[in-house]
Amino acid sequence: MGSHPLPVPVTAAGREGLAALLDRPDRAVVGVDFDGTLADIVPDPDQARAHPGAVPALSALGPRLRSLAVITGRPAEVAVRYGGFADSGAPANLVVLGLYGAERWDASSRTVRAPEPHPGIAAVRSELPGVLEANGAWQGTWTEDKGRAVAVHTRRTEDPQAAFDQLRAPLHALAERHGLIVEPGRLVLELRPPGMDKGVALLEYVRETSAGAVLYAGDDLGDLAAFAAVERLRKEGVPGLLVCSGSTEVTELAERADVVVDGPAGVVALLEALAEAVAR
């Protein structure tokens, strides 16, 4: 691990958030998204793996923090496997909040806790093939069954954005019929139960741990809710730092961030720099 300079946040609130984290790391929660933040975005989501430096960086930083939370739309167990978080290197205070917080895995017990699936998921699962066919889903459209959610990916199609745009309205209608919502992401539309998003998950976790500072890093539209949660916590007096894992695909996040880094490699470098800074 080389020496990394800490970035200077572009906002006063971000500088305050970073200062609070460095001053009392034992009271801070660091939250990170998985895909696009710890792992590079790849055409086949099943091939996504955490950046090779991610677990070592989390392991260096984790013991000095109150907690580390990976907050993801993936099932917790999948994120743990693709992240390599069950390996001996992961710190004991790491939690993975999967399916937007509906599931929780923690490194100390190595078990997943989860409620019963929403009944609308089973209905959507059976109706989805017909809806896709009726709306001329493009060749290469791919459905991912997450157990408590169903995602439709268009990244492998000939014109991913056009395929995505074409499916938005029919998938919204399908979700609505069964009491679900649609969460759009980077060329993916996810049908899932309402009431859970990364913002709710982060807010509840920060309150549960009584954190005195929070950092959140993300890259996608689904991370906007977590950014909003940090902004809300700041208003309540909890300093926070917003980090965007730089993507040309989602500019809204970069515009709201205090720090923009260059994808997962940049996130890992930031985690390493924080570990070095708090060790000093």
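Data block above holds the structure.
Keep in mind that this is a model prediction, so the values were computed, not measured.

**A word on helix α3 (residues 76-83)**
- The element α3 is largely enclosed, with a buried count of six among its eight residues.
- Within α3, burial applies to A76, V78, A79, V80, Y82 and G83.
- Looking at the packing, one finds that the buried side of α3 touches α2 (54-61), β3 (94-98), β4 (103-106) and β5 (111-113).
- Looking at the residues trailing α3, positive phi occurs at G84, about 70°.

**Looking at the nonpolar core**
- Counting residues in each nonpolar core, the largest one holds 43 residues, and the members touching the most others are V30, L38 and F85.
- Broken down by element, the residue count for this core peaks at seven residues, all from helix α9 (residues 263-279).
- Formed by 25 residues, the second largest nonpolar core is a distinct cluster that contains V29, A201, A226 and A257.

**Remarks on the packing of aromatic side chains**
- Within the structure shown, the criterion is met by two aromatic pairs.
- A centroid spacing of 6.2 Å and a plane angle of 80° characterise the contact between F34 and F85, whose relative ring orientation is edge-to-face. Linking F34 in the loop between β1 (28-32) and α2 with F85 in the loop between α3 and β3, this pair joins segments that are 51 residues apart in sequence. Across the pair, F85 and F34 agree in class, each one buried.
- Between the aromatic rings of Y216 and F227, the centroid separation amounts to 6.3 Å while the plane-to-plane angle is 85°, which identifies the pairing as edge-to-face. Of this pair, Y216 sits in strand β10 (residues 213-218) while F227 sits in helix α7 (residues 224-235), and the two are 11 residues apart along the sequence.

**Here we look at the sheet that holds strand β12 (residues 259-261)**
- Across the sheet, which stays open at both edges, the eight strands sit in the order β5-β4-β3-β2-β1-β10-β11-β12 with mixed pairing between neighbours. The open sheet is flanked by β5 and β12, the only strands paired with a single partner. Ignoring which end each strand starts from, the neighbouring axes of this sheet average 20° apart.
- Of the strands in this sheet, β1, β2 (67-71), β3, β4 and β10 touch helix α6 (residues 198-208), which is tilted by about 165° from β2.

**Some remarks on the sheet that holds strand β7 (residues 150-153)**
- An order of β6-β7-β9-β8 is seen for the four strands of this open sheet, with the pairing classed as antiparallel. Strand pairing shows two members of the sheet lacking a second neighbour, β6 (142-145) and β8 (181-185), which therefore form its edges. The mean angle between the axes of side-by-side strands here comes to 20°, regardless of whether they run parallel or antiparallel.
- Sheet topology places β6 next to β7; four bridges connect them, and they run antiparallel. Paired with E144 across the two strands is A151, which belongs to β7.

**Observations regarding the packing of α6 against α7**
- Packing of α6 against α7 brings their axes to within 7 Å, and their N-to-C directions diverge by 40°. Classed by the angle they form, the pair α6 and α7 counts as oblique. As for how α6 packs across α7, the hand of that crossing is right-handed. Between α6 and α7, the residues in contact are K198, G199, L202, L203, V206 and R207 and A225, A226, A229, V230, R232 and L233, respectively.

The rules behind these values
- Residues numbered from 1 in each chain as written.
- Predicted model: local features only at pLDDT ≥ 70, side-chain atom pairs only at ≥ 80, totals over all residues.
- Heavy atoms only, no water.
- Buried < 20%, exposed > 50% of the residue type's maximum accessible area, 1.4 Å probe, protein only.
- Helix = DSSP H or I, 4+ residues; strand = E, 2+ residues; numbered from the N terminus.
- Contact = heavy atoms within 4.5 Å.
- Core = buried A, V, L, I, M, F, W, Y, C linked by side-chain atoms within 4.5 Å.
- Phe/Tyr/Trp six-rings, centres within 6.5 Å; stacked < 30°, edge-to-face > 60°.
- Pairing = 2+ DSSP bridges.
- Axes fitted to C-alpha atoms, helices over the stretch in contact; angles between N-to-C directions.
- Parallel < 35°, antiparallel > 145°, perpendicular 65-115°, else oblique.
- Left-handed = near helix turned anticlockwise from the far one by under 90°.

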